[in-house]
Amino acid sequence: MNGFPLTLRVPLACLALGLSLALTGCGGKSDASTPPPTPAAMTDQSIGHYCGMNLNEHVGPKGQILLRDDPRPVWFSTIREVFAYTLLPEEPKAILAIYVQDMGRAGPDGNPPADAWIDAHQAHYVIHGDAIGGMGAPDALPFARMDDARRFAAQHGGQIVDFQGMPEDYVLR
């Protein structure tokens, strides 16, 4: 910057600092060395983002998204809603973590235990099967173990996909 006149050096330095700070904040992910926040516990105040209903009123897997600028989790009564949130342009993208419930641990009532949260990016999803989700419509069912997903698909039909392979038309139909 020594070749620039003093009247340009200060604004250029400020511009470089501003760009550096802006780029540091992009991406919606935490620093790779920082572990993601742990999943929040579902309570009677856990209300579905889109349906506005208490999650405890619904059978099946639930989801939660943890955002960088909000300490409260965003709750979902279906897994398709979790994916819709990540696809819709009007929703915040400063996502720190996404958790879904492992249906491999579900009881006879169709609900996983309270501690059955798994990283949504690591789950195996059964779609296009005969399973009905929390809102009474077909839903993707997440499993922590591929063997559990295969066993479920063999009994109930469907196809197994990973997080990146979830078809947008399945989510948004």
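Residues numbered from 1 in each chain as written. Predicted model: local features only at pLDDT ≥ 70, side-chain atom pairs only at ≥ 80, totals over all residues. Heavy atoms only, no water.

### With respect to helix H3 (residues 146-156)
Which entries qualify depends on this criterion: Relative accessibility thresholds used throughout: buried, under 20% of the residue-type maximum; exposed, over 50%; partly exposed, between the two (1.4 Å probe, protein chains only). Put simply, DSSP H or I for four residues or longer makes a helix, DSSP E for two residues or longer makes a strand, and each gets a number counted from the N terminus. This arc is taken over the directions from the axis of the helix to the C-beta atoms. Contacts are residue-level and defined by heavy atoms, with any inter-residue pair within 4.5 Å sufficient.
Considered for burial, the residues of H3 that qualify are Asp148, Ala149, Phe152 and Ala153. Along the long axis of H3, the arc covered by the buried residues comes to 130°, so they all point the same way. Exposed positions of H3 whose direction lies more than 90 degrees from the buried face are Ala154 and Gln155. Buried residues along H3 sit against strand E5 (124-127), strand E6 (141-143) and strand E7 (159-161). Once H3 ends, the next one or two residues include Gly157, with phi positive near 80°.

### Section: the sheet that holds E7
Whether parallel or antiparallel, the strands of a sheet pair through hydrogen bonds between backbone atoms. We count it as follows: Two strands are said to pair when DSSP picks up at least two bridges between them. Fitting a line to C-alpha atoms yields each axis, with helices limited to the stretch in contact; the angle taken between N-to-C directions then spans 0 to 180 degrees.
Read across the sheet, three strands follow the order E6-E5-E7 without closing on themselves; strand pairing throughout is antiparallel. Here the strands that pair on one side only, and so sit at the sheet edges, are E6 and E7. Between one strand axis and the next, the sheet turns by 30° as a mean value, whatever way the strands run. As paired strands, E5 and E6 are joined by three bridges and run antiparallel to one another. Each bridged residue has a counterpart across the sheet, and for His124 the counterpart in E6 is Phe143. Packing against the sheet, H3 makes contact with E5, E6 and E7, and its axis sits at approximately 10° to E5.

### Quick word on the packing of aromatic side chains
Heads up, the condition is: The rule is short: rings of Phe, Tyr and Trp, with Trp giving its six-membered ring, pair when the centres are within 6.5 Å, and they are stacked under 30 degrees, edge-to-face over 60, tilted in between.
Counting across every chain of the model gives six aromatic pairs. A ring pair is formed by Tyr50 and Phe76, whose centres lie 5.9 Å apart and whose planes are at 45°; its orientation type is tilted. Placement of the pair is Tyr50 in the loop between helix H1 (6-24) and strand E1 (63-67) and Phe76 in strand E2 (residues 70-76), with a sequence separation of 26 residues. Of the residues examined, Tyr50 reaches a relative accessible area of 34% and is grouped as partly exposed. When the ring of Phe83 is compared with that of Phe163, the centres are 4.8 Å apart and the planes differ by 35°; the resulting orientation is tilted. Linking Phe83 in helix H2 (residues 79-87) with Phe163 in the loop between E7 and helix H4 (168-172), this pair joins segments that are 80 residues apart in sequence. Residue Phe83 shares its accessibility class with Phe163, and that shared class is buried. Through successive ring pairs, a cluster of aromatic residues spans Tyr50, Phe76 and Tyr85.

### Re the confidence of the model for the chain
Note the cut-off: You can read pLDDT as the predictor saying how much it trusts each residue, on a scale of 0 to 100.
Summing up the model confidence of the chain, the mean pLDDT is 84 and the portion of residues at 70 or higher is 82%. Of the regions scoring below 50 in pLDDT, residues 4-30 engages in 14 contacts with residues more than four places distant in sequence or in other chains.

### As for unusual backbone geometry
Of note in this structure, His128 is not a glycine but carries a positive phi near 65°. Overall, the relative accessible area of 46% leaves His128 in the partly exposed class.

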